[in-house]
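Each chain, letter by letter, is given below.
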Amino acid sequence: MRRFTTMDDYCMDDGLDFLRRQLEFIEPEVYKVLYREIVYPQMIPVSTAAGPFANAITYQSMDRRMAARFMAVGADDMPLADISRDRTTMPVEHAGLGFRYALQELAEAQFMGIPLDQERANSVRRGVEEFAQNIAFLGDADHNLPGFLNNAGIPAASAPTGTWSTATADQIIADVNFGLTEVWDESATVHLPDTVAIPPAQFALLSTTLVGTEHNRSLLDVLNTSNVYYARTKQPLNIMPLAELEGIGAGSTDRMVVYEKNRRNLEFFFPMPLQFIAPQPVGLNVLVPGQFRVSGTAVRYPGAARFVDGL
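On a predicted model such as this, the values are computed, not experimentally measured, just so you know.

A word on the overall build of the chain. Each helix and strand in the chain was counted, giving eight helices and 18 strands. With 311 residues in all, the chain has 41% of them scored as buried. Long-range contacts, defined here as pairs at least 24 residues apart, represent 75% of the contacts in the chain between residues at least 6 apart. Summed over all atoms, the accessible surface of the chain reaches about 16600 Å², with 53% contributed by carbon and sulfur.

We now examine unusual backbone geometry. Although it is not a glycine, Thr163 adopts a positive phi angle of roughly 45°. Following the sequence through the fold, Thr163 ends up in the loop between strand E6 (156–158) and helix H5 (169–186). Exposure remark for Thr163: the relative accessible area of 43% places this residue in the partly exposed category.

This part takes up the pattern of salt bridges. Enumeration over the complete set of coordinates arrives at eight salt bridges. Glu130 is the partner of Arg126 in a salt bridge, and the nearest nitrogen-oxygen pair spans 2.8 Å. Of the two residues, Arg126 and Glu130 both sit in helix H4 (residues 119–138), four residues apart, roughly one turn of that helix. Residue Arg263 is joined to Glu267 by a salt bridge in which the shortest nitrogen-to-oxygen separation is 2.6 Å. Looking at Arg263, the relative accessible area reads 44%, which means it is partly exposed. Each of the salt bridges in this network shares a partner with another, and the network as a whole consists of Arg263, Glu267 and Arg300.

Take the nonpolar core next. Counting 41 residues, the largest nonpolar core has Met43, Phe148 and Phe268 as its most contacted members. At seven residues, the largest contribution of residues to this core is made by H4. With 26 residues, the next largest nonpolar core counts Ala159, Phe203, Val228 and Val258 among its residues.

Turning to the sheet that holds strand E15 (residues 285–288), a few remarks are in order. One open sheet accounts for three strands, arranged E5-E15-E14; its pairing is antiparallel. The two strands at the open ends of the sheet, each matched to only one other strand, are strand E5 (99–102) and strand E14 (280–282). Averaged over all pairs of adjacent strands, the angle between their axes in this sheet comes to 30°, without regard to strand direction. In the sheet, E5 pairs with E15 via four bridges, with the strands oriented antiparallel. By the bridge assignment, Phe99 is partnered in E15 with Val288.

Within the open sheet, the three strands sit side by side as E4-E16-E13. Their pairing is antiparallel. Strands at the two margins of the open sheet, each flanked by one partner only, are strand E4 (93–96) and strand E13 (272–276). Pairwise comparison of adjacent strand axes, ignoring direction, gives a mean angle of 20° for this sheet. With four bridges connecting them, E4 and strand E16 (residues 290–294) associate as antiparallel partners. Its bridge partner lying in E16, Gly96 is registered against Gln291. In the packing of H4 onto the sheet, the strands contacted are E4, E13 and E16, and the crossing angle to E13 comes to about 160°.

Conventions used here
- Residues numbered from 1 in each chain as written.
- Predicted model: local features only at pLDDT ≥ 70, side-chain atom pairs only at ≥ 80, totals over all residues.
- Heavy atoms only, no water.
- Helix = DSSP H or I, 4+ residues; strand = E, 2+ residues; numbered from the N terminus.
- Buried < 20%, exposed > 50% of the residue type's maximum accessible area, 1.4 Å probe, protein only.
- Contact = heavy atoms within 4.5 Å.
- Areas by Shrake-Rupley, 256 points an atom, 1.4 Å probe, with all protein chains shown as cover.
- Salt bridge = Lys/Arg side-chain N within 4 Å of Asp/Glu carboxyl O.
- Core = buried A, V, L, I, M, F, W, Y, C linked by side-chain atoms within 4.5 Å.
- Pairing = 2+ DSSP bridges.
- Axes fitted to C-alpha atoms, helices over the stretch in contact; angles between N-to-C directions.

Spelled out as structure tokens, the structure:
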């Protein structure tokens with residue numbers, strides 16, 4: 001590492017060279033930091049397949065018509081199978097977030113032979129992930145990016161009981177199974193929901209309410225296996241807390257969403273995750289720009305999900 005005997009020997013080019021070398025270590029470290037609150041990849045399949053230069057995402061939905069019927073021998077009114085396709089296009093939007101160092105900071109760090117603090121780079125990563133999570137869940141109307149939790153195509157209903165804070169254990173179980181059964185039944189058993197997301201307060205209630213003759217099981221444990229998904233697959237239901245569901249239901253009530261989680265049904269498009277660009281001198285500072293490109297959440301089969309409001 002080049003060292004200087006006096007600060008007068010230091011110049012902007014020295015700062016840029018030092019920062020470039022430091023970023024070789026900073027950038028990988030940023031991606032090692034874990035953020036427990038960022039949950040959209042656990043809730044929605046994420047795709048980067050479109051690539052960083054895509055301007056739009058287009059996907060097709062297909063429906064089949066294939067109704068056979070009785071017909072007379074020799075008749076010429078043969079029923080025909082056919083398909084119909086719908087194309088949906090979502091824009092891809094460019095966004096950015098960066099950080100900077102003062103030239104004085106770089107000079108002092110190099111002069112004393114100490115590494116740069118990576119917290120600013122960590123903050124950029126955190127900010128980008130929060131931005132992506134908000135788009136994935138709630139979309140952005142100004143940029144025509146659809147979200148998942150407020151998607152207009154997903155059917156919504158009121159919980160038969162609702163207000164879980166005063167409901168009995170049996171009523172809460174019935175509310176959850178209402179949503180699951182609605183999806184399974186209305187889709188003619190095509191879609192079998194495996195995931196339930198509820199606000200944190202309701203999740204805490206399920207976790208801490210003890211049921212059974214010996215009060216040795218939580219209501220959450222009971223719900224995991226007392227549902228149509230478990231009956232069909234012998235796998236526990238995936239029940240997750242999600243703060244974004246607070247107050248977004250009809251009448252500003254809390255919302256529950258039940259859905260069949262797979263890439264065929266829904267997908268969040270993130271064509272270009274965060275990329276740091278080469279540092280740039282700006283006055284007495286050095287700017288490190290970060291850029292990314294994001295689209296919305298495609299709900300290809302709205303019938304694979306159901307909103308249940310009034311919790």
